[in-house]
Amino acid sequence: MDPLNILMLGTQGSGKGTQSAKLAKHFGIPTFSTGEILRSEIEKGTELGKLARSYIVQGNLVPDDIISSIVRKEISKDKYSQGVILDGYPRNIVQAETLNDFLDLDYVILIDISDEEAVKRVTGRRICSKCGENYHMDYNPPEEDEICDKCGTKLDIREDSEPEAVETRLKVYHLQTEPLAGYYEEKGMLIKVDGEQPIEKVYQDILNELEKHGLHNQEN
Ligand code: AMP
């Protein structure tokens with residue numbers, strides 16, 4: 001069977017991570033998130049992590065050459081031989097052109113939400129620094145205000161979810177990442193879905209659109 005390579009596009013808070021995980025399970029292929037890799041480097045305190053953090057906390061993109069070499073190395077691993085769901089890379093045209101050198105994408109899924117909804121979703125996120133539990137003040141609040149249900153620790157805002165960083169990230173998205181939609185649309189690869197619907201409905205819309213675009217019987 002040919003590998004199946006899918007790119008997820010959308011602003012922060014659009015549900016890319018959630019939908020990537022569902023699609024990965026459905027098609028039996030792994031996801032790869034550049035944001036997750038960078039966050040784990042930050043946690044481990046590596047040189048790469050320190051460098052990446054200086055960009056991430058401000059809401060800016062990590063330089064293309066750094067991120068592209070991470071992705072190129074990762075994607076060459078055997079575990080991606082049947083395909084991959086890419087979440088967070090490419091994020092601009094330069095990265096998309098670089099990706100063309102080492103991976104053929106099949107589909108690009110754009111999960112569309114308004115900036116207003118993105119801000120609401122992202123600024124409501126909380127994380128427990130002690131046990132790692134995630135919350136959302138509107139959609140998944142803790143029982144006691146700002147306190148972790150599991151371990152009683154005061155909840156934190158993720159560094160890149162501070163309002164200023166969120167605003168910068170949205171600007172960067174519109175300026176640098178959004179042009180990718182047109183880039184892939186011209187190649188006939190773009191699928192656009194309304195991300196302001198319940199998670200299951202967004203997921204069904206994606207599967208239906210993939211089928212319309214010719215993806216059949218690849219389910220594992
Ligand atoms: P994410 O979890 O995908 O929203 O990524 C979090 C942060 O990591 C972004 O705001 C960027 O600072 C950085 N990052 C992730 N992917 C890329 C990329 N492809 N190019 C540059 N920076 C990235």
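Undergrad: Which residues make up the overall build of the protein chain, and what values go with them?
TA: Assigned secondary structure in the protein chain consists of 9 helices and 7 strands. Here the C-alpha radius of gyration of the protein chain, 18 Å, is about what a compact globule of 220 residues would show, namely 17 Å. On the principal axes, the C-alpha backbone points of the protein chain span a range of 50 × 40 × 35 Å. Among the 220 residues that make up the protein chain, the fraction classed as buried is 45%.

Undergrad: Quick rundown of the sheet that holds strand β3 (residues 83–87)? Include the residues and the values.
TA: Taken in spatial order, the 5 strands make up an open sheet running β2-β3-β1-β4-β7, and their pairing is parallel. Looking at strand neighbours, the two that pair on one side only are β2 (31–33) and β7 (190–194), the edges of this open sheet. Ignoring which end each strand starts from, the neighbouring axes of this sheet average 20° apart. Where strand β1 (residues 4–9) meets β3, 5 bridges bridge the pair, whose relative direction is parallel.

Undergrad: Describe the packing of helix α6 (residues 115–123) against helix α7 (residues 163–177), and please don't skip the residues or the numbers.
TA: One can describe the packing of α6 onto α7 by two numbers: an axis separation of 10 Å at closest approach and a directional angle of 140°. With respect to their mutual orientation, α6 and α7 come out oblique. In the crossing of α6 with α7, the sense of the turn from one axis to the other is right-handed. For the pair α6 and α7, the contacting residues are Asp115, Ala118, Val119, Val122 and Thr123 in the first and Pro163, Val166, Leu170 and His174 in the second. In the contact of α6 with α7, the residues fall into 6 nonpolar, 2 polar and 1 charged.

Undergrad: So what's going on with the pairing of strand β4 (residues 107–112)? Residues and values would help.
TA: With 5 of its 6 residues buried, β4 lies for the most part within the structure. Across 5 bridges, β4 lies against β7 in parallel orientation. Within β7, the position partnered with aspartate 112 by the bridge is aspartate 194.

Undergrad: I'd like a description of the site of the ligand, backed by residues and values.
TA: The local shell around the ligand holds 14 residues, among which Thr34, Asn60, Gly88, Gln95 and Arg169 are the closest. Between the ligand and threonine 34 there is a distance of 2.7 Å, counted from a nitrogen atom to a side-chain nitrogen or oxygen. For the ligand, a nitrogen atom lies 3.0 Å from a polar atom in the side chain of arginine 91. Look at the ligand: alone it shows 480 Å² of surface, and the protein chains cover 95% of it. No other element matches helix α2 (residues 34–44), which puts 4 residues into the shell around the ligand. Of the residues in the shell around the ligand, the class split is 6 nonpolar, 5 polar and 3 charged.

Undergrad: Describe the environment of glutamine 204, and please don't skip the residues or the numbers.
TA: Position of glutamine 204 relative to the elements: it lies in helix α9 (residues 199–212). Judged by relative accessible area, which is 37%, glutamine 204 ranks as partly exposed. With 11 residues separating them in the primary sequence, glutamine 204 and valine 193 have C-alpha atoms 9.9 Å apart.

Undergrad: How would you sum up a negative patch on the surface? Please name residues and give values.
TA: A contiguous patch of negative charge on the surface is contributed by Asp112, Asp115, Glu116, Glu178, Asp194 and Glu196. Mapping glutamate 196 onto the fold places it in the loop between β7 and α9.

Undergrad: If you had to explain the pattern of salt bridges to someone new, which residues and values would you point to?
TA: The tally for this structure, following the rule as stated, stands at 10 salt bridges. Where glutamate 47 meets lysine 50, a salt bridge forms, and the shortest distance between an N and an O atom there is 3.5 Å. With glutamate 47 and lysine 50 both in helix α3 (residues 47–56) and 3 residues apart, the pair spans about one turn of that helix. Across the pair, exposure class does not vary: glutamate 47 and lysine 50 are exposed alike. Residue glutamate 209 pairs with lysine 212 through a salt bridge whose shortest N-O separation is 3.0 Å. You can see glutamate 209 and its partner lysine 212 sitting in helix α9, 3 residues apart, about one turn around the helix. Owing to a relative accessible area of 67%, lysine 212 belongs among the exposed residues under this scheme.

What counts and what doesn't
- Residues numbered from 1 in each chain as written.
- Predicted model: local features only at pLDDT ≥ 70, side-chain atom pairs only at ≥ 80, totals over all residues.
- Heavy atoms only, no water.
- Helix = DSSP H or I, 4+ residues; strand = E, 2+ residues; numbered from the N terminus.
- Rg over C-alpha atoms; globule rule 2.2 N^0.38 Å.
- Buried < 20%, exposed > 50% of the residue type's maximum accessible area, 1.4 Å probe, protein only.
- Pairing = 2+ DSSP bridges.
- Axes fitted to C-alpha atoms, helices over the stretch in contact; angles between N-to-C directions.
- Parallel < 35°, antiparallel > 145°, perpendicular 65-115°, else oblique.
- Left-handed = near helix turned anticlockwise from the far one by under 90°.
- Contact = heavy atoms within 4.5 Å.
- Nonpolar A, V, L, I, M, F, W, Y, C, P; charged D, E, K, R; others polar.
- Near = heavy atom within 4 Å.
- Polar contact = N/O pair within 3.5 Å; in protein donor to acceptor, adjacent residues only side chain to side chain.
- Areas by Shrake-Rupley, 256 points an atom, 1.4 Å probe, with all protein chains shown as cover.
- Patch = residues over 30% accessible without salt bridge, like charges linked within 9 Å, V, L, I, M, F, W, Y side chains within 5 Å.
- Salt bridge = Lys/Arg side-chain N within 4 Å of Asp/Glu carboxyl O.
- Lys, Arg positive; Asp, Glu negative; His and termini not counted.
- Charge placed at Lys NZ, Arg CZ, Asp CG, Glu CD.

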